[in-house]
Amino acid sequence: MTLGSIRHEIVIERSASTVWELAGDAGRLHEWFPGIVSLDLDGTKRTIHLAGGLSMPEDIVINDALARRFEYSISLPIFVFHRGTIDVISMGENRCMVVYACEADPRTMALIISGGCYRALQELKRQMELSTEAAN
Amino acid sequence: MARKILFITTDQQRYDTLRCNGGTVARTPVADRLAAEGVRYERAVPQSVVCMPSRSTIITGQSPSTHGVWMNGVPLPVDAPSVAEVLHEAGYRTALIGKPHFEPFLDPFNAFAENRFAGGEPVNGHRGFDHFIAATHGAAGSLAYSRFIQSEHPEVAGGFYPVLDGELEVNAMGGGETGMPQLWTNPIPKEWYHTDWCADQAITWLNGVSEEEDFFLWLSFPDPHHPQDVPSSELGRINWRDLDLPAAYPEDRLVREAILDAKPAHWRAWYDGTLVSNYEAPAKWVPATLTPDQIREFTAYNAIACELIGEAIGRVIASLEARGIADDVDIVFSTDHGDLGGDFGLAFKGPYHVDGLMRLPLIWRPSRSADIAPSVVTSPVGLIDLAPTFCAIAGIPVPQWMEGKPLPISDDDAEARKFERVLTEWDSELFGVAMHLRTITRGDWVLTTYLPGTTANGTEGELYNLVEDPNQFVNLWDDPASASMRTDLLDDLWAHQPKQLMPLRTLVAPV
């Protein structure tokens, strides 16, 4: 079987640095990822707890504030390989694009996670654009 | 008081599984009686041959292009139009019992309401239903039937076939005596199996509805969809060794493969195991390995599932008869799509618009007060016509957003109201493989045209004469003598094809 690969992106009318403050904070994922009810963070080890009752241990691989790239790997036994990447890309002073990508083996896991990533981006945009920062 | 509606669906049931449709394996006296007393449709066609788009068509009365559920794994928005909502607003009590599948099952983030109701979340009129109690093909997951097995009979939970394998692909593991994939010996007692459980839930709900109240009950059996894991106590009903092979299965391998080679390339590629275009069949299974005995054993298990459903429906109807209201109820029986069932050496389903998947059982037994004479309708009708039919039964104007028409009650009625064509769509884009089919069924013909995709460049197609070639062995797409028919059908298809909702809704799960 091939590796499963998915990618979602969204444009947010806020600066990349503002969005990165939340999206790049490993301890705040549950604030904008629907279906993650809580998490435990210990250095580069993170465990997320899902609304469906499952917990997923993760290794944080990259948290690069300059490149605004966050990368992590789920270490559940069902995954032969997993890599999730969140990129916040500036599109001007008050506009950015957030790209959430996932590669996984087994490939079906990428698709299962995909729905959560898609909803997370929707929620991130909603929260960011509700925030008090001026969009101009 | 209007007319009450009992709408019964199965999942993935072939037309030829019913005796009244010419079937010879399963004994189906309940469906046969409904057909004798009502209207039996000989060319009922789905608008999609997989569950989520087809079920979304049933509830919305819209084509997949319009409701936007273009493949499995794309949820129908919670605020999408719903015939149940229309009936609810007209005063009907409404319930869905059994398999819904308007939303994905694989849901670790608990994002979809269908998966949360059994955990205590209020139904609150979800999609227009007052009562919503869900089941699917086994005991895994969070639906009400799964919780029933896990809490009341945990000792049998492991007896079901594991639908998915360790990589969450549709399982190719074989069972039974022949090693047929998705076939299994399940020791569960019949009364705990989901078929009887759904019927029990339906009877309980119906007994809570007074004789004066109108109701719309969608009773949605998960079977005979794979896995074929009916209770082992029932396996003595049919000896698979006694069965004939399907008419659309040429036993000569060379003949079979020549038929496949005359169809667009993905047919042979799937058969040979070089292309898996969709999630709904076992990805690690190579259809070319399918043996005649595996087809026979599949047919037997599938027929037993159909028999059990028929008997369960019989119990539901008997409960209505016991209360003296059975004659006041319109009973509609159908399914969401068919199964390849061994035809052409293939099984399960995929982008293959032939009778195994496209010709469906459909029976409407009107209430006595409707005064509709029994008949057989040969004109093509679609599942898209069900929602408007329910409106008509209830005496409600058909909403403008519905794209179908109330079902005809005879061929004369069909001719008068111009039931001339039915359209079917397939779209899938999964793991780098894209398939896009558009099909028209009209008169004696079915035509499928392929839009550009992984194996198609947009020039491929299939054209079959359903009367002269009932097994769809001879693809006339490139036959010069059929060129004018091909052009006419293509023009007709594109003249009536609804505009597709764009951008496509996001795929959020495999199924």
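A short tour of the structure in this document, coming up.

The rules behind the values
Residues numbered from 1 in each chain as written. Chains lettered and ligands numbered in written order. Predicted model: local features only at pLDDT ≥ 70, side-chain atom pairs only at ≥ 80, totals over all residues. Heavy atoms only, no water. Phe/Tyr/Trp six-rings, centres within 6.5 Å; stacked < 30°, edge-to-face > 60°. Helix = DSSP H or I, 4+ residues; strand = E, 2+ residues; numbered from the N terminus. Buried < 20%, exposed > 50% of the residue type's maximum accessible area, 1.4 Å probe, protein only. Lys NZ or Arg CZ within 6 Å of the ring centre and 35° of its normal. Pairing = 2+ DSSP bridges. Axes fitted to C-alpha atoms, helices over the stretch in contact; angles between N-to-C directions. Contact = heavy atoms within 4.5 Å.

**Concerning the packing of aromatic side chains**
For any two aromatic rings, the description comes down to two numbers: the centre-to-centre distance and the angle of the planes. Taken as a whole, this structure holds 25 aromatic pairs over all chains when the rule is applied. Seen in terms of ring centroids, B:F216 and B:F390 are 5.2 Å apart; in terms of plane orientation they differ by 55 degrees. Their pairing is tilted. Here the residue B:F216 occupies a position in strand β8 (residues 215-224), and B:F390 occupies one in helix α11 (residues 386-394), the gap between them amounting to 174 residues. Seen in terms of ring centroids, B:W270 and B:Y352 are 5.2 Å apart; in terms of plane orientation they differ by 20 degrees. Their pairing is stacked. Linking B:W270 in helix α8 (residues 265-272) with B:Y352 in the loop between β9 (329-335) and α10 (355-358), this pair joins segments that are 82 residues apart in sequence. For the pair B:W270 and B:Y352, one class covers both residues: buried. Members of the aromatic cluster, each reached through a chain of ring pairs, are B:F7, B:F102, B:F117, B:F129, B:F132, B:F216, B:W218 and B:F390. Above the face of the A:Y72 ring, A:R46 is positioned so that its terminal group lies 5.5 Å from the ring centre. Positioned above the aromatic ring of B:W267, the side-chain terminus of B:K263 is 4.9 Å from the ring centre.

**Digging into the sheet that holds strand β7 (residues 96-105) of chain A**
Residues and elements named next belong to chain A. On the basis of which strands lie adjacent, the open sheet formed by seven strands has the order β1-β7-β6-β5-β4-β3-β2 and antiparallel pairing. The sheet terminates laterally at β1 (4-12) and β2 (36-42), the two strands that pair on one side only. When strand polarity is set aside, the average angle formed by the axes of neighbouring strands in this sheet is 20 degrees. Here nine bridges tie β1 to β7, and the two strands are oriented antiparallel to one another. Along β7, the bridge assignment pairs I12 with C96. Each of β1, β4 (55-64), β5 (69-74), β6 (81-90) and β7 touches helix α1 (residues 16-23); the most contacted strand, β6, lies at about 150 degrees to it.

**Section: the sheet that holds strand β5 (residues 131-134) of chain B**
All names here are of chain B. If you trace the eight strands from one edge of the open sheet to the other, you get β5-β4-β8-β1-β9-β10-β2-β11, paired in mixed fashion. Each end of this open sheet is capped by a strand with a single partner; those strands are β5 and β11 (375-377). Between one strand axis and the next, the sheet turns by 10 degrees as a mean value, whatever way the strands run. Where strand β1 (residues 4-11) lies against β8, six bridges are found, and the strand directions are parallel.

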